[in-house]
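Take a look at the letters that make up each chain.
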Amino acid sequence: MTETPARPAPKPRPKRGEGQWALGYREPLNKNEQSKKDDNPLNVRGRIINIYAKRGFDSIDPADLRGRFRWMGLYTQRAPGFDGGKTATVPEEELDDRYFMLRVRSDGKLLSPAAVRALGTIGQDFARDTADVTDRANIQYHWIRVEDVPTIWDRLDEAGLSSLEACGDSPRPFLGSPVAGVATDEIIDGSPALDEIFRRYIGNPDFSNLPRKFKTAVTGHPSHDVSPETNDVSFVGTVHPEHGPGFDLWVGGGLSTNPMLAQKLGVWIPLDDVPDVWEGVASIFRDYGYRRLRSRARLKFLVADWGVEKFREVLETEYLQRELVSNPSPVSPVGHRDHIGVHDQKDGKKYVGVAPTAGRVSGTMLAQLADLMDAHGIAGARLTPYQKIVLIGVEPAAVEQVVEALDVIGLSARPSNWRRNTMACTGIEFCKLAIVDTKERARRLVDSLEERFPELDTPITVNVNGCPNACARTQVGDIGLKGQLVMHDGEQVEGFQVHLGGATGLEANFGRKLRAHKVTSAGLDDYITVVVTNFLADRTEGETFSAWVHR
Ligand code: SF4
């Protein structure tokens, strides 16, 4: 009998490439990568102006419609009539409406009264009076027809605004401190850096084919008012003992299904160098970012695999050709970051932060706001990462009159906890990925919690999301709600997975996701009432909601 020769030990398999360009994986590995290779997405602008706007919706090449339009801030909106249960089984083309969502980026800019009016009248004239403020400080319209897009772009252009690369695998709209240049306690004004990053890199083909979205935040305000923990790249104001004010660099934040908080490099970057460092980080993402799987194509996965030491080394040696100055990272404070209410400016004027309910604004409201700004000589307005609006340069003597006038148009400078601290993403009303309603649900929730807890002495944030994508930052809200279908009386109904105790800042933490904490949309008010009642009864002196949950 012959003996079977012992099998050689299997060779370790070569690790499959992740589609990193810098390692030679230049061949497109999925349809998104193929589409970007077939034609630079920025080229779609010309086709929209010269072909699609003239010939109408049916003339649009599907590869442009579902791909490259995003680089112009355009997505088809959800066709009406599909409920959450059907979404999973409906082909994408049937979910497409013949209307678009259009995102306009604000990039931390001070919007003049004329710009606010332009944003309002675009909503009135072309978007059935929609104009929401998003938590990336965009204005988001719905019901846009492709025929109207060139005119809208002309109007935006006149107002110094743009929808370029507001979506897509590109440098998405930047978050800047809403009180940049005016707050009395500001460490450093980062707006010149943001303006320069926009000037150099937005619409630049070298940065229009990134592995996926790339989110930027810059703040020199000590409250860290741009959610720097959840951006791909953040520049956060800090002071070096010898060199003075500058910025620390945080990289690799992002939420969605594999949430990660940004990691701090512990460096000091002067204002003038911020654009170059931004270019270095964006280039690392472009060259080393994972392109094979869309689910791993965010910078956070690379940062998690490399660690910050290697990330810094590659940034310094391959992209900057110099060493960065080390400096301890600034500690994030606990507390509000939204600038609601009346505050002093450096120049003796005031800034006033107001809270639309869950970011729901309208074209009419913006037009009214522009009139109000003109009537009171207010210099400008900024949109915030918390779906709020801050008016800059209010004369102290006019403050009370301005606050009253704002109230009349539905923008409160003294909102309740719930109106102030509830955010909601787009949801099933317009978003093709949504499973549940969010905006209207959040509005009703705010009304009912205002009745149940009219005086709350500690902030509790509620972040309402229509699906796992966490556009309204599910995991970092005190009460984070992720839309999903839940069973109720043997039937699937709209509901939420609850995450409790999420926070940014000093207590940065993801909310605890307890299996049992699923709630129907209809039962949401009662559920939150029970949780808040328990917290109020059980908390110790000064304990925050998040600290209580993680006790
Ligand atoms: Fe749409 Fe989901 Fe994002 Fe909400 S979280 S806007 S439902 S993708």
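Predicted model only: the values in this text are computed from it and were never measured.

Looking only at helices and strands, one finds 17 helices and 20 strands in the protein chain. Since a compact globule built from 551 residues should have a radius of gyration of about 24 Å, the 24 Å found for the protein chain is in line with a globular shape. With respect to the three principal axes, the spread of C-alpha positions in the protein chain is 100 × 60 × 55 Å. Taken over 551 residues, the protein chain has a buried fraction of 52%. Within the protein chain, residue pairs in contact and separated by at least 24 positions form 68% of the contacts whose partners lie at least 6 positions apart.

The full set of residues close to the ligand is Cys425, Thr426, Gly427, Cys431, Leu433, Ala434, Asn465, Gly466, Cys467, Asn469, Ala470 and Cys471. Taken together, the residues of the shell around the ligand break down into seven nonpolar, five polar and no charged.

Take the sheet that holds strand E17 (residues 462-465) next. The strand order E16-E17-E18-E19-E20 describes an open sheet built from five strands, whose pairing is mixed. Lying at the two open borders of the sheet, with one neighbouring strand each, are strand E16 (422-424) and strand E20 (512-520). Put simply, the sheet's adjacent strands are angled 30° from each other on average, direction ignored. Note that E17 and strand E18 (residues 479-488) share four bridges and pair parallel.

In this structure, Arg128 takes a positive phi of about 50° despite not being glycine. Along the chain, Arg128 turns up in the loop between helix H6 (113-126) and strand E3 (132-133). Residue classification places Arg128 among the partly exposed residues on the basis of 14 C-beta atoms within 10 Å.

Packed helices, taken two at a time, are described by their axes: the angle between them and the distance between them. Viewed as axis vectors pointing N to C, H6 and helix H12 (residues 363-375) meet at an angle of 155°, and their least axial separation amounts to 7 Å. Taken together, the axis directions place H6 and H12 in an arrangement best described as roughly antiparallel. As for the relative orientation of H6 and H12, their crossing is left-handed in sense. Facing H6, whose interface residues are Pro113, Val116, Arg117, Leu119, Gly120, Thr121, Ile122, Gly123 and Gln124, H12 presents Gly363, Thr364, Leu366, Ala367, Leu369, Ala370, Met373 and Asp374.

Below, the discussion takes up the confidence of the model for the protein chain. The share of residues in the protein chain with pLDDT of 70 or more is 94%, and the mean pLDDT across the chain is 93. Across residues 1-5, confidence stays below pLDDT 50; counting only partners more than four residues off in sequence or on other chains, it has zero contacts. On the interface metric, ipTM, the complex scores 0.99, and its pTM is 0.93.

Relative to each other, helix H9 (residues 274-288) and helix H11 (residues 308-320) sit at 105°, their axes nearing to 10 Å. Between H9 and H11, the crossing angle belongs to the class labelled roughly perpendicular. Counted together, Asp276, Val277, Gly280, Val281, Ser283 and Ile284 of H9 and Val314, Leu315, Tyr319 and Leu320 of H11 form the full contact between these two elements. Here the contact of H9 with H11 is built from residues that sort into seven nonpolar, two polar and one charged.

Read from one edge to the other, the open sheet built from five strands follows the order E5-E6-E7-E8-E9, with strand pairing classed as mixed. Of all strands in the sheet, those bounded by a partner on one side alone are strand E5 (175-176) and strand E9 (263-264). As defined by bridge partners, strand E7 (residues 233-240) adjoins strand E8 (residues 244-251) across eight bridges and the pair is classed as antiparallel. Bridge assignment links Phe235 to a residue of E8, and that residue is Leu249.

The next point concerns helix H7 (residues 149-158). Those residues of H7 that fall on the buried side of the exposure criterion are Val149, Ile152, Trp153 and Leu156. Projected down its long axis, H7 carries its buried residues within an arc of 100°, all on one side. The exposed residues of H7 that point more than 90 degrees off its buried face are Asp154 and Glu158. Packing partners of the buried residues in H7 comprise helix H2 (44-55), strand E2 (96-104), H6 and strand E4 (139-144).

It is worth spelling out the environment of Pro205 at this point. Residue position: Pro205 is located in the loop between helix H8 (191-201) and strand E6 (216-219). In the structure, Pro205 is positioned 35 residues away from Ser170 in sequence and 9.8 Å away in space, judged by C-alpha atoms. Those residues in contact with Pro205, other than ones at most four positions away along the chain, are Asn40 and Leu42.

Conventions used here
- Residues numbered from 1 in each chain as written.
- Predicted model: local features only at pLDDT ≥ 70, side-chain atom pairs only at ≥ 80, totals over all residues.
- Helix = DSSP H or I, 4+ residues; strand = E, 2+ residues; numbered from the N terminus.
- Rg over C-alpha atoms; globule rule 2.2 N^0.38 Å.
- Buried ≥ 20, exposed ≤ 12 C-beta atoms within 10 Å, placed from the backbone.
- Contact = placed C-beta atoms within 7 Å.
- Near = placed C-beta within 6 Å.
- Nonpolar A, V, L, I, M, F, W, Y, C, P; charged D, E, K, R; others polar.
- Pairing = 2+ DSSP bridges.
- Axes fitted to C-alpha atoms, helices over the stretch in contact; angles between N-to-C directions.
- Parallel < 35°, antiparallel > 145°, perpendicular 65-115°, else oblique.
- Left-handed = near helix turned anticlockwise from the far one by under 90°.
- pLDDT = per-residue confidence, 0-100.
- Arc of directions from axis to C-beta.

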